[in-house]
Structure formats: C-alpha cells, structure tokens
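# Structural characterization, general
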Amino acid sequence: MPNGGVVTYLKEPTGPGVRVESALYRGYEVSLFYDPMVAKLIVWGETRAEAILRMRRALNEYRIGGIKTSIPFHQEMMDSTEFIWGTFDTSFISRRKLIAGERSADEHARIAAVAAALIAHEAGRRAVHIGDSNGAVKQSQWKQAGRMRATGGRW
Amino acid sequence: MKYYAQVGELEYVVEIEDGNVLVDGELVDVDLSRSGVPELYSILINGHSYEVLIEEQRQIY
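Rules of the game
- Sequence order as written defines residue numbering, which begins from 1 separately in each chain.
- Here the convention is simple: chains get letters from A, ligands get numbers from 1, in the order in which they are written.
- In keeping with the model being predicted, local features are shown solely for residues with a pLDDT of at least 70 and side-chain atom pairs are shown and tallied solely at 80 or more, while totals for entire chains, interfaces and linings include all residues.
- To get the side-chain values, take all heavy atoms of the structure and skip hydrogens and water.
- One requirement defines pairing of two strands: DSSP has to find at least two bridges between them.
- Numbering goes from the N terminus for both helices and strands, where a helix is a DSSP run of H or I of at least four residues and a strand is a run of E of at least two.
- Only the contacting stretch of a helix is used when fitting its axis, a line to C-alpha atoms as for every element, and angles between N-to-C directions run 0 to 180 degrees.
- Residues are treated as being in contact if the distance between any of their heavy atoms lies within 4.5 Å.
- In short, buried area is how much 1.4 Å probe accessible area vanishes from two parts on joining, totalled over both.
- Whenever a carboxyl oxygen of Asp or Glu lies within 4 Å of a side-chain nitrogen of Lys or Arg, that contact is scored as a salt bridge.
- For this analysis, a polar contact is any N or O atom pair within 3.5 Å, provided that within protein one partner can donate a hydrogen and the other can accept it, and provided that sequence-adjacent residues contribute only side-chain to side-chain pairs.
- All residues other than Ala, Val, Leu, Ile, Met, Phe, Trp, Tyr, Cys, Pro, Asp, Glu, Lys and Arg, Gly among them, are scored as polar; the first ten of these are nonpolar and the last four charged.
- Using a 1.4 Å probe on the protein chains alone, a residue whose accessible area is under 20% of its type maximum counts as buried, one over 50% counts as exposed, and one in between counts as partly exposed.
- Only residues whose relative accessible area exceeds 30% and that take part in no salt bridge are eligible for patches, with like-charged residues grouped when within 9 Å of each other and nonpolar side chains (Val, Leu, Ile, Met, Phe, Trp, Tyr) grouped when within 5 Å.
- Computed with the Shrake-Rupley method and a 1.4 Å probe, the accessible areas treat only the protein chains shown as cover for residues.
- Angle categories are assigned with fixed cut-offs, so that under 35 degrees is roughly parallel, over 145 is roughly antiparallel, 65 to 115 is roughly perpendicular, and the rest are oblique.
- Left-handed is the label given to a crossing in which the near helix is rotated counterclockwise from the far helix by less than a right angle, and right-handed is the label when the rotation is clockwise.
- This arc corresponds to the set of directions leading from the helix axis out to the C-beta atoms.

### A look at the sheet that holds strand 4 (residues 26–28) of chain B
Either a parallel or an antiparallel arrangement is found when strands of a sheet pair, and the pairing is made through backbone hydrogen bonds. Residue and element names in this part refer to chain B. On the basis of which strands lie adjacent, the open sheet formed by four strands has the order 1-2-3-4 and antiparallel pairing. Each having just a single partner strand, strand 1 (2–7) and strand 4 make up the two edges of the open sheet. Looking at each pair of strands side by side, their axes are set apart by 30° on average, direction ignored. Pairing of strand 1 with strand 2 (residues 10–17) involves six bridges; the strand directions are antiparallel. Across the sheet, the residue bridging to Ala 5 is Tyr 12, located in strand 2.

Rendered as structure tokens:
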C-alpha cells in the first residue's frame, strides 16, 4: 500500500499519449494529512490495446523512490487477462487482492537483503583500495604544505 | 565476509566469499550491475531479473 515519506528519487514517464499530472519533486514530503493520491498517470491510444501497451510502458518507466506507491499493483493489473479483455467486474480487485503481492513480500525482502549486502561489500572493498593508495602513494597535501612552511621550503 | 541484513522484521545472513553468495546458508546465483541511472541497479537472482533502487543513509540501504 502507498505510504507517506520523502521523495528521494523521481523519474516520470514521457512520450506520445502519456501524461503525468503531479506535484512531486525530489525532496517533496508526502504527508499523511492529505489525499493519498500523489500523481495521476494518464495514457491515450487509438484502441484499448494501444492504451494498455502505453500504460505498461509508462508504468515501467515511472520511478518514485522514498515512498511506496501503487505502481506495482497497476503493473499487475495491466498484465491481467481479465483487464486486457475487459471482462472484469467489481470483485476484480478483491479477488486478486494481490495474492501475488503477499506471496512475493518475503521474496522481495530477500532480494533487498542480498542487494544491500552486495553494495556494502563493494563499498567496503572500494574503501580498502582508497585507503591503500593514500597510505602508500601520497601524503595529505595539507601536511606537505605545513611541512614545507615549517622547514622554510626545504624537504 | 558475512553480513547481517534486517528488512522490516525479517533478518537474513548473507555471506559473500570468492564470488559466491549464500543467503541463510543457501547458495544463490546472483549478479548485480548498475543501470546507468544513479542508485538504480539491475539484479539477477536465480535466473529472475529485478530492478532495485538503492539509497545509502549512513550505512543503511
């Protein structure tokens, strides 16, 4: 479900037949005290199929970081044969009720854990390399300047 | 190197050694690469592709 928070990353979809109505920007705080709708994504096509394809592409391009959004829900809806054929009814959402969403929550947590560990590992390795090169190759230029001043220009 | 990752209420132990990644002792086939957009990564886990947005805040990802 969508939640409040600060938008840390934003990339909106563009292109023919795609329009975004939104007041979001990077650093914007989505408060809990107003309408939970933070943006409207509208697509247009000559046919329903074209509109669905455009909506799929637009949803794939839409990136909002820092807050949870209903983009995954809408992506799932665009992939639903019921929705594509237009044979859904009022129980469509409750039936789907994101069974898949519940199922994949643990899987997504596991992916997040692996990704974070890999990034931390890479950052640690980079820090070691930087530390090595600083120690072995050159000293701080501030220290060098101070030493030069103290020794009257002699090394 | 062993990492303890906490995601919400779930905890995982991720071990990274010699290019191998184990999650809670289970070997996983994983590949992480940058997408070209800062903070946005592409990750392949056991043949499935995902896109992840990773931000660091004082060693919290």
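### Details of the interface of chain A and chain B
The figure often quoted for interface size is the accessible area lost as the parts come together. With 23 residues of chain A at the interface, the matching set in chain B holds 29 residues. Taken together, both faces of the contact between chain A and chain B bury some 2300 Å²; the carbon and sulfur share is 71%. Applying the counting criterion to the chain A and chain B interface returns two salt bridges. A salt bridge links A:Arg110 to B:Glu26; the nearest nitrogen and oxygen atoms lie 3.7 Å apart. At the junction of chain A with chain B, the criterion picks out five residue pairs in polar contact (both at pLDDT 80 or more). Taken together, the elements giving at least two residues each to the side of chain A that touches chain B come down to strand 6 (63–65) and helix 5 (99–137) of chain A. When residues of the side of chain A that touches chain B are assigned to their parent elements, the largest contribution, 18 residues, is made by helix 5 of chain A. Here the residues of the side of chain A that touches chain B sort into 13 nonpolar, four polar and six charged.

### Comments concerning the pattern of salt bridges
Residues and elements named next belong to chain A. Counted under the stated rule, the structure contains seven salt bridges over all chains. Glu 50 is the partner of Arg 54 in a salt bridge, and the nearest nitrogen-oxygen pair spans 3.8 Å. Of this pair, Arg 54 and Glu 50 both sit in helix 1 (residues 48–61), four residues apart, which is roughly one turn of the helix. Assessed through its relative accessible area of 27%, Glu 50 is described here as partly exposed.

### What to know about a nonpolar patch on the surface
Together, A:Leu32, A:Phe33 and A:Tyr34 make up a nonpolar patch on the protein surface, roughly 500 Å² of accessible area in all. Its place among the elements puts A:Tyr34 in the loop between strand 4 (29–30) and strand 5 (39–43).

### Some points on the packing of helix 1 of chain A against helix 2 (residues 71–79) of chain A
All names here are of chain A. Relative to each other, helix 1 and helix 2 sit at 150°, their axes nearing to 10 Å. Taken as axis vectors, helix 1 and helix 2 run roughly antiparallel relative to one another. Like other packed secondary-structure pairs, helix 1 and helix 2 cross with a definite hand, here left-handed. Every residue of helix 2 that contacts helix 1 at Ile 52, Met 55, Arg 56, Leu 59 and Asn 60 is listed here: Ile 71, His 74, Gln 75, Met 78 and Asp 79. Looking at the contact of helix 1 with helix 2 residue by residue, the class counts come to five nonpolar, three polar and two charged.

### Considering helix 2 of chain A
All names here are of chain A. Residues Ile 71, Met 77 and Met 78 constitute the buried set of helix 2. The buried residues of helix 2 occupy one face: seen down the axis, they fall within an arc of 120°. Buried residues in helix 2 make contact with helix 1, strand 6, helix 3 (81–85) and helix 4 (92–96).

### A look at unusual backbone geometry
Residue and element names in this part refer to chain B. A positive phi angle, near 50°, is found at Asp 18, a position not held by glycine. For Asp 18, the position within the fold is in the loop between strand 2 and strand 3 (20–23). In this model, Asp 24 sits at a positive phi of 50°, which is unusual for a non-glycine residue. Topologically, Asp 24 is positioned in the loop between strand 3 and strand 4. With a relative accessible area of 48%, Asp 24 lands in the partly exposed category.

### Thoughts on the environment of B:Ile43
By secondary structure assignment, the location of B:Ile43 is in strand 6 (residues 40–45). Distance in space between the C-alpha atoms of B:Ile43 and B:Leu32 is 4.4 Å, their sequence separation being 11 residues. In this structure, B:Ile43 is in contact with A:Ile111, A:Val114, A:Ala115, A:Leu118, B:Val30, B:Asp31, B:Leu32, B:His48, B:Ser49, B:Tyr50 and B:Val52, ignoring residues within four places of it in sequence.

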